[in-house]
Protein chains: 2
Amino acid sequence: MQNIRRENIRRNERLAAMTRILTSSPNQVIRLSRFAELFGAAKSTLSEDIDILADTMATFQLGCLDTVTGAAGGVRYRPAITQAAALDFVQSVANRLAEPGRVLPGGFLYMADILSMPDLVEKMGAIMAGQFYHDEPDFVLTMETKGIPVALMAAKALGVPLVIGRRSSKVYEGPAVNINYLSGSAGRIETMSLSRRAVREGQRALIVDDFMKAGGTAKGMMDMMREFSVTVVGVCVVIATMEPERKRLESAKALMVMDEVDDEHESALIRPADWLLNQ
Amino acid sequence: MQNIRRENIRRNERLAAMTRILTSSPNQVIRLSRFAELFGAAKSTLSEDIDILADTMATFQLGCLDTVTGAAGGVRYRPAITQAAALDFVQSVANRLAEPGRVLPGGFLYMADILSMPDLVEKMGAIMAGQFYHDEPDFVLTMETKGIPVALMAAKALGVPLVIGRRSSKVYEGPAVNINYLSGSAGRIETMSLSRRAVREGQRALIVDDFMKAGGTAKGMMDMMREFSVTVVGVCVVIATMEPERKRLESAKALMVMDEVDDEHESALIRPADWLLNQ
């Protein structure tokens, strides 16, 4: 009885510690040998631990635990969010963005606060990442500034670095590739600059941005990736406008869709994107 | 025996789920009633769970679990990192930054890659946050662009929003306060813009930035906060240069210190800041 007790306390400790370790390194395969070393437990015991953890994660919808077999095998956590929970969450963000007083002169929507709240951008990033695990991007690319927090959190969920495009080349980024692109929202030619050493030929990129109207900036990022011989596996934005319906980029995935607003309206019409409803 | 088993499995589940929930909302007090509802467990049982969790976190150096008493009481997770682990980690980052090839023409250091790696900035942000929990900041302020990832992670660890100062006012940020400041590294007058609605009078700010040379940008952020009647509880940067020794801001806390480099040197001399060694 005493032995069972002690054994169970050890299991309790292991499970709590493993949860912390796995969830703080999303999408990274952690070898059982690392846990074996840390806890001084047999691999068979750890396999049981993993089974319990996987069940618990599923029961309480806290993400997904996969066992990866093979030479580089181990266990991997992904902050998977169920379709229903993702829809609920995106709807709650859409409701906040639709509150009166957010529409600025010119029909612009104030969303800088929402886009810098760590808990909100972390969930948005996890939902975005969930759509692209199978495409195995090597990094997430965004264009400064407002999209950086959500892009960082998407990168964290995917377990890859973030790469940030700049509006002009900076001395502290070293040699850079500059391209020009047509920004729909600014209605003019803009410059995008990316450090030569930021990415490598043959890598795979997921593009994340905060807002898409005509799609010019995202298109610019795709052109930039072509200059680097990088494959773009997808484009994800927080909000896309309804108009223009034909964007420069048809395949982009948005979390929310916004009807165009004008100055006279006090609030915007914002709703979760169709793909969140339909899956 | 069967009962003990089932009871322990339930405890296993609760501990894993509680770990995930607590660690994903750092510095937020989570009420026991929320766990009671989620698990259908008595508060006395949950208190035992919390004790086990707190011990486990301490044993495996995974952070710190506090019980908060009173009307708004509950339990709170902080990603506290031990002094020794913080020093080890900062030393490893300093070593990477000191690798040959990072010094650019003009003596600038390429660190954009390190500053956008989610796991690295998350640890840096947690170390920074650990120095300021007791000052209870209401938000973290940074200036675009390179410091945004680490500032976001500091904000996440503190459980507060991030506020981003811009180099010029943007239509989608609404009415803004603009100030001019002397940037030491750029050697010229720069503009800083912050949306009126980003912060409220009487709040408390922690300033986080990536790099400090003369301290002009940080000083600019402090001046900006004065315009908003906001108290600055501290200034934290990833790297400060040794020179000039007298910076515009004496009280800033850096994770690393860098000797000035010039073009002829292939690598920079970078070491963890003294306070990481001395505590």
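This structure is a prediction, so every number in the text was calculated from the model and none was measured.

### Looking at the overall build of chain A
At step 1: Scanning chain A for helices and strands turns up eight helices and 13 strands.
At step 2: Seen through its C-alpha atoms, chain A measures out along the principal axes to roughly 75 × 45 × 30 Å.
At step 3: Taking contacts inside chain A between residues at least 6 apart in sequence as the whole, the part at least 24 apart equals 61%.
At step 4: When the accessible area of chain A is evaluated, it comes to approximately 12,300 Å², of which 47% is carbon and sulfur surface.

### What about the relation of the copies chain B and chain A?
At step 1: Each copy of the sequence occupies a distinct position, and chain B is placed on chain A by a rotation of 180 degrees and an axial shift of 0.0 Å, giving an RMSD of 0.0 Å. Here the two chains are linked by the operation of a two-fold rotation axis.
At step 2: Most of the interface of chain B is mirrored in chain A: 100% of its interface residues are interface residues there too.

### A short note on the packing of helix α6 (residues 148-158) of chain A against helix α6 (residues 148-158) of chain B
At step 1: Put simply, α6 of chain A and α6 of chain B touch, their axes get as near as 10 Å, and they point 75 degrees apart. When the axis of α6 of chain A is compared with that of α6 of chain B, the two are roughly perpendicular. Every residue of α6 of chain B that contacts α6 of chain A at Ile148, Pro149, Leu152, Met153 and Lys156 of chain A is listed here: Ile148, Pro149, Leu152, Met153 and Lys156 of chain B.
At step 2: Classifying every residue of the contact of α6 of chain A with α6 of chain B by side-chain character gives eight nonpolar, no polar and two charged.

### Here's the deal with the pattern of salt bridges
All names here are of chain A.
At step 1: According to the stated counting rule, one finds 28 salt bridges over all chains in the structure shown.
At step 2: With a closest N to O distance of 4.0 Å, Lys156 and Glu122 form a salt bridge. One end of the pair, Lys156, is in helix α6; the other, Glu122, is in helix α5 (residues 118-130), with 34 residues separating them in the sequence.
At step 3: On the basis of relative accessible area, Lys156 is assigned to the buried category, the value being 9%.
At step 4: Since its relative accessible area comes to 18%, Glu122 is described here as buried.
At step 5: Here the residues in one salt-bridge network are Arg11, Arg14, Glu48 and Asp49, joined through shared partners.

### Some details on helix α4 (residues 83-97) of chain A
All names here are of chain A.
At step 1: In this model α4 runs 21 Å from its N-terminal to its C-terminal C-alpha over 15 residues, within 8% of the 21 Å that 1.5 Å per residue would give.
At step 2: The set of residues buried in α4 consists of Ala86, Phe89, Val90, Val93, Ala94 and Leu97. Around the axis of α4, the buried residues are gathered within 140 degrees of arc, so they sit on the same side. Exposed residues on α4 whose side chains face more than 90 degrees from its buried face are Ala84 and Asp88.
At step 3: Considering only its buried residues, α4 is in contact with β5 (108-109), α5, β11 (231-241), β12 (253-258), β13 (270-272) and α8 (274-278).

### Topic: the interface of chain B and chain A
At step 1: On the chain A side, the residues contacting the 56 residues of chain B number 56 residues.
At step 2: For the pair chain B and chain A, the summed buried area comes to about 4,900 Å², and 67% of that belongs to carbon and sulfur atoms.
At step 3: Among the residues of chain B in contact with chain A, Arg20, Tyr110 and Tyr172 of chain B are the three that bury the most area, contributing 13% of the side total.
At step 4: Summed over the shared surface of chain B and chain A, the result is two salt bridges.
At step 5: Seen at the junction of chain B and chain A, the total is twelve residue pairs in polar contact (both at pLDDT 80 or more).

Procedures and definitions
- Residues numbered from 1 in each chain as written.
- Chains lettered and ligands numbered in written order.
- Predicted model: local features only at pLDDT ≥ 70, side-chain atom pairs only at ≥ 80, totals over all residues.
- Heavy atoms only, no water.
- Helix = DSSP H or I, 4+ residues; strand = E, 2+ residues; numbered from the N terminus.
- Contact = heavy atoms within 4.5 Å.
- Areas by Shrake-Rupley, 256 points an atom, 1.4 Å probe, with all protein chains shown as cover.
- Least-squares fit on C-alpha atoms with pLDDT ≥ 70 in both.
- Axes fitted to C-alpha atoms, helices over the stretch in contact; angles between N-to-C directions.
- Parallel < 35°, antiparallel > 145°, perpendicular 65-115°, else oblique.
- Nonpolar A, V, L, I, M, F, W, Y, C, P; charged D, E, K, R; others polar.
- Salt bridge = Lys/Arg side-chain N within 4 Å of Asp/Glu carboxyl O.
- Buried < 20%, exposed > 50% of the residue type's maximum accessible area, 1.4 Å probe, protein only.
- Expected span 1.5 Å × (residues − 1).
- Arc of directions from axis to C-beta.
- Buried area = accessible area lost by both parts, 1.4 Å probe.
- Polar contact = N/O pair within 3.5 Å; in protein donor to acceptor, adjacent residues only side chain to side chain.

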